[in-house]
Amino acid sequence: MRYQVIVVGAGHAGCEAARACARLGLKTAMITMNLDLIAQMSCNPAIGGIAKGHLVREIDALGGIMGELTDAVGIQFRLLNTSRGPAVWSPRAQCDKKQYRLRMREILEKEPNLRILQAEVAQLSISGGRVTGVLLRDGRALLGEAVVVTTGTFLNGLAHVGEQKYSCGRSGEAPSNLLGDQIRMLGLQWKRLKTGTPPRLDGRTVDWSRFEAQAGDADPTPFSFLSDRIDRDQVPCFITYTNESTHQILRESIARSPLYSGQIEGIGPRYCPSIEDKIVKFPDKSRHQIFLEPEGLDTNEIYVNGMSTSMPIDVQSRMVASIPGLESAEMIRPGYAIEYDAIDPREISQSLEVRSIRGLFLAGQINGTSGYEEAGCQGLMAGLNAACSVGGLDPVVISRTEGYTGILISDLVTNGADEPYRMFTSRAEFRLHLRIDNADERLTPIGRRMGLVTEERWVRFSKWREQKARIRTWLECYRMPFQDRPVAALWLRRPEAAVSTLSDEISAALGERPVRGVLQTVETELKYAGYISQQERQVERLRSAEGRGIPSDFTYCDIPGLSREVQEKLERARPESLGAAARISGVTPAAVAILDVYLSLRR
């Protein structure tokens, strides 16, 4: 069985990778151990959030799936951080868990170049430093010119619930131990990481009158640039808090926690700690916020967001019952922690290809990240670059100045991941330049050049861009009907000014209604013009540093003036540019200056 690209795994990374390759005309196989759980949302069935929403917008702008699918199956939409500036506005949507995976499978099965196989990959076939395909556990061999591995938490997965532990990959599914064992033997640096989930409750046994309802936005913000609006009814989520009784139950049982008994070896996410971690590390806090979120429209299952735990089931039951309104709540599934193997992402290049094995690409949690969104953007880029590898083309690299996707990959390949990596807006040097509203301006031309952006999307983007230019020109000429008659473009720089007050005049000038989002982009660019101009100059300086490439065979040990520690860090990370070298923890500006001199001498 011959394919051009083989994708191992069908989570959020695998789906984006497989569809991208198939869309680009490559004969592609996606292999999963369970066809019925493609794109399963094993944790909270929510997409987006702070910075994560930026990633989804970028996936969409490049021609990926996640944004469109979320708009189709979302059951509550909220735009977060609106009390702050537009640089950090982030969309979030609670999704229907079942519909998300069903729709994803439907989308993938319509791709004529994609074949989906149910099987377990037992081994990668590698010859002469290049991957040549995969061997399946059932004995079949698949030949491929490139392989994208997106195994999530399946590699030697081990779940923990109190003193009990058992091998699994996700939500009780079988782990991938054969492939995990082989990858450990490839000579790549690897580590054990950990993630976890909270208990799920039967919504029929919850006293909803005891909680504060949290409604979605009246005018939902879509994720996809192809979505004009979202009109369907939304469901509420509910807010509650832990209390002293909850904390006491956890403190009394902390010795039974796998986290504190030494049973768990993997490192968990710092920014999404378990409830027992919160109690231990923040003893001064009298309560912690909990969200009760529905898992779908046709299920009673409720996700207890903020209560991730690996405590024994009896402790989980008492913990839940300690919260007013949940005294009689029945637990459908207990929370659990899961350990899994991950590769040190410094083993891969900016294209997500393993440096030492040509044609082998890694994406998602295997690279040390957490979250559906972080996985999705990696999967899309790995798929694009696998296609480039097959076609003999240069890889596609999103820079730090072009997107959060580029920041994520740059952070991983430069500094590795000592814990599951989560995206934050604070990781970006130029947040005002990387907003959700301009993701298509930044990235859709790249997706179009690669062949992933459809004609429909390109036509819509071109119309948006043309309207934006016309609106800017009109605003720079139109004078407001005030005493001082200011030009509208200057008036909009005032804090109290809003472009929405001119929407009728703008529509008349255009001869049509502005497309969604264009007025907000124009207003942001005018209101923050000074800051944006300053950031653009900084962006050019960073691009110059990124443009100073470092040859792959460059050695650091012979450079006088570099400390042994800096030499070792540079040798380990093998940065691809001067800018990447500067971001390595412990590499000082003085060391970068010395490196710059030696790079100049080598030219």
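Reading guide: rules and limits
- Within each chain, residue numbers correspond to sequence positions counted from 1 in written order.
- The model is predicted, so local features are restricted to residues of pLDDT at least 70 and side-chain atom pairs to those at 80 or more, both for listing and for counting; the totals for chains, interfaces and linings are taken over all residues.
- As a rule here, side-chain values come from all non-hydrogen atoms in the structure, and water together with hydrogens is ignored.
- Where helices and strands are cited, they refer to DSSP runs of H or I of at least four residues and of E of at least two residues respectively, numbered from the N terminus.
- Strand pairing follows a simple DSSP-based rule, namely that at least 2 bridges must link the two strands.
- Here the axes come from fitting lines to C-alpha atoms, over the contacting stretch only for helices, and the angles between their N-to-C directions go from 0 to 180 degrees.
- Joining through side-chain atoms within 4.5 Å is the link that ties buried Ala, Val, Leu, Ile, Met, Phe, Trp, Tyr and Cys residues into a set, and such a set is a nonpolar core.
- A 1.4 Å probe rolled over the protein chains alone gives each residue an accessible area, and that area as a share of the maximum for its type sets the label: buried under 20%, exposed over 50%, partly exposed in between.
- Any angle between 65 and 115 degrees counts as roughly perpendicular, while under 35 counts as roughly parallel, over 145 as roughly antiparallel, and the rest as oblique.
- Residue contacts are defined here by distance: any two heavy atoms, one from each residue, within 4.5 Å place the two residues in contact.
- Ten residue types, Ala, Val, Leu, Ile, Met, Phe, Trp, Tyr, Cys and Pro, are classed as nonpolar, four, Asp, Glu, Lys and Arg, as charged, and the remainder, Gly among them, as polar.

### A word on unusual backbone geometry
For alanine 51, which is not glycine, the phi dihedral falls at a positive 70 degrees. In this fold, alanine 51 is placed in the loop between strand E3 (46-48) and helix H2 (52-62). Look at arginine 574: it is not a glycine, yet its phi comes out positive at around 50 degrees. Looking at the secondary structure, you find arginine 574 in the loop between helix H18 (564-573) and helix H19 (578-582).

### Let's talk about the pairing of strand E8 (residues 130-136)
For strand E7 (residues 121-127) and E8, the ladder comprises six bridges, and the chain directions are antiparallel. Directly across from isoleucine 126, in E8, lies its bridge partner valine 131. Between E7 and E8, which pair antiparallel one after the other, the connecting turn spans two residues, and glycine 128 there sits at a positive phi close to 60 degrees. Direction of pairing for E8 relative to strand E9 (residues 141-149): antiparallel, over a ladder of three bridges.

### Looking at the sheet that holds strand E13 (residues 200-202)
The antiparallel open sheet is built from six strands, whose spatial order is E14-E15-E16-E17-E13-E18. Either end of the sheet is taken by a strand with one partner, and the two such strands are strand E14 (212-214) and strand E18 (331-333). Strand after strand, the sheet turns through a mean of 35 degrees between neighbouring axes, direction not considered. Alignment of strand E16 (residues 289-294) against strand E17 (residues 301-305), held across four bridges, turns out to be antiparallel. Looking across to E17, one finds that proline 294 is bridged to isoleucine 302.

### Details of the nonpolar core
In this structure, Tyr100 and Val134 are the most contacted members of the largest nonpolar core, which totals 96 residues. Ranked by residues supplied to this core, first place goes to helix H10 (residues 372-391) with 11 residues. Ranked by size, the runner-up nonpolar core spans 20 residues in total, among them Phe211, Ile290, Val315 and Leu326.

### Observations regarding the packing of H2 against helix H11 (residues 404-415)
Interaxial distance between H2 and H11 falls to 8 Å at its minimum, and their mutual angle equals 110 degrees. Classified by the angle their axes make, H2 and H11 are roughly perpendicular. Residues His54, Leu55 and Glu58 of H2 form the contact with H11, whose own contacting residues are Tyr404, Thr405 and Leu408. Of the residues belonging to the contact of H2 with H11, the class tally is three nonpolar, two polar and one charged.

So yeah, pure geometry; function would need other evidence.
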